[in-house]
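Now for the letters of each chain:
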Amino acid sequence: LRLINLKIPRSCRRVESPRFNKNKSHSHGQNQRAKSDCRVSFKLQRLPINQKLIKYVGDYCERYRINIQFDEGYSILKYSEGQEYKVHTDYSESLPRYLSALILLNPKDYEGGGTYFSHFEEEVKPDSPALVLFPSNYAYAHQALPVTSGTKYAIVTWLGHVLDIEAMPNMWIPSGIELGKQQWN
């Protein structure tokens, strides 16, 4: 887990857009883990924050010797009072993500709303705008805690690798074992 303080102009810490539907909340999956006003995808190529993200992700990848082959673009999240995102991981077999990047834009403008890493019993809520980089795997299960007052804005992206099924080694099953039954002869 790496927390990097960012210098983001105050005017960029609040997002007002007609795309945010203030009357509806969206949900992800059957368990309705997420409850936030909106998720909007967009590109940041020309903004200075993208250059910082590239630098810090590059440093992270070099330090931990991982190879990033794709990113999923950026999404902006808006959490109003009472909204949260339940415990989850960012990796799955269909989403081979290595690294999660969370840019907290306005942490002084809301109460609650920290990011809680359940396996470490650690809450992250910096005093100023920050980039949080962490592995996308099960060890870093996390949640966006409920916002108790104000409005939280964050930018998220995920970076990963392409699964190369052809290059994976063949599975070896000792003789006498039946898959699913775990019986030995």
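Structure: see above.
Engineer: When you look at the side chain of Lys152 in this model, what are you seeing that I'm missing?
Structural biologist: The residue Lys152 is located in strand 14 (residues 152-160) in this model. For the buried Lys152, which has no salt bridge, the nearest side chain bearing the opposite charge is Glu123, at an N-O separation of 8.5 Å. One polar contact links the side chain of Lys152 to the main-chain carbonyl oxygen of Gly113, over a distance of 2.7 Å. Other than its neighbours up to four places away in sequence, Lys152 contacts Leu77, Lys78, Tyr79, Leu104, Asn106, Tyr110, Gly113, Gly114, Thr115, Ala144 and Val147.

Engineer: Can you walk me through the environment of Gly73 in this structure?
Structural biologist: Tracing the backbone through its elements, the reader meets Gly73 in the loop between strand 4 (70-71) and strand 5 (74-79). Taking relative accessible area as the criterion, Gly73 reaches 8% and is therefore assigned buried. Separated by 85 residues in sequence, Gly73 and Trp158 have C-alpha atoms that sit 7.6 Å apart.

Engineer: Got a minute to help me understand the nonpolar core in this structure?
Structural biologist: One recurring pattern in soluble globular proteins: nonpolar side chains tend to sit buried together. Membership of the largest hydrophobic core comes to 17 residues, with the highest contact counts inside it found for Val57, Leu131 and Leu133. Those elements that provide at least two residues to this core are helix 1 (48-64), strand 5, strand 7 (97-104), strand 11 (130-135) and strand 14. Sort the elements by how many residues they give to this core and helix 1 lands first, with 6 residues. Counting 16 residues, the second largest nonpolar core, distinct from the first, contains Leu77, Tyr79, Val124 and Val147.

Engineer: Looking at this structure, how should I read helix 1?
Structural biologist: If you check helix 1, its first and last C-alpha atoms are 25 Å apart, about what 17 residues at 1.5 Å a residue would give, namely 24 Å. Taken as a whole, helix 1 has its buried residues at Ile49, Asn50, Leu53, Tyr56, Val57, Tyr60 and Cys61. Buried residues along helix 1 cover an arc of 140° about the axis, so they all sit on one side. Those residues of helix 1 that are exposed and aimed more than 90 degrees away from the buried face are Pro48, Glu62 and Arg63. Following helix 1 by one or two positions, Arg65 has its phi on the positive side, about 55°.

Engineer: I would appreciate a short explanation of the environment of Gln69 in the present structure.
Structural biologist: Checked against the element boundaries, Gln69 lands in the loop between helix 1 and strand 4. Separated by 90 residues in the primary sequence, Gln69 and Leu159 have C-alpha atoms spaced 7.5 Å apart. With near-sequence residues (within four places) excluded, Gln69 lies in contact with Gly160, His161 and Val162.

Engineer: Is there a simple way to explain the packing of aromatic side chains in this structure?
Structural biologist: What describes a pair of aromatic rings is the distance from one ring centre to the other and the angle between the planes of the rings. Inspection of every chain in the model, using the stated rule, returns 4 aromatic pairs. Judged by centre distance (6.3 Å) and plane angle (80°), the rings of Phe117 and Tyr140 are edge-to-face. Taken as a pair, Phe117 in strand 9 (residues 115-117) and Tyr140 in the loop between strand 11 and strand 12 (142-144) lie far apart in primary sequence, 23 residues in all. The class for Tyr140 is buried, based on a relative accessible area of 18%. An aromatic cluster of three or more residues is present, and its members are Phe117, Phe120, Phe134 and Tyr140. Stacked on the ring of Tyr110, the Lys or Arg Lys125 has its end atom at 4.5 Å from the ring centre. The ring of Tyr79 is capped by Lys152, whose NZ or CZ atom sits 5.2 Å from the centre of that ring.

Rules behind the numbers
Residues numbered from 1 in each chain as written. Predicted model: local features only at pLDDT ≥ 70, side-chain atom pairs only at ≥ 80, totals over all residues. Heavy atoms only, no water. Helix = DSSP H or I, 4+ residues; strand = E, 2+ residues; numbered from the N terminus. Buried < 20%, exposed > 50% of the residue type's maximum accessible area, 1.4 Å probe, protein only. Lys, Arg positive; Asp, Glu negative; His and termini not counted. Salt bridge = Lys/Arg side-chain N within 4 Å of Asp/Glu carboxyl O. Polar contact = N/O pair within 3.5 Å; in protein donor to acceptor, adjacent residues only side chain to side chain. Contact = heavy atoms within 4.5 Å. Core = buried A, V, L, I, M, F, W, Y, C linked by side-chain atoms within 4.5 Å. Expected span 1.5 Å × (residues − 1). Arc of directions from axis to C-beta. Phe/Tyr/Trp six-rings, centres within 6.5 Å; stacked < 30°, edge-to-face > 60°. Lys NZ or Arg CZ within 6 Å of the ring centre and 35° of its normal.

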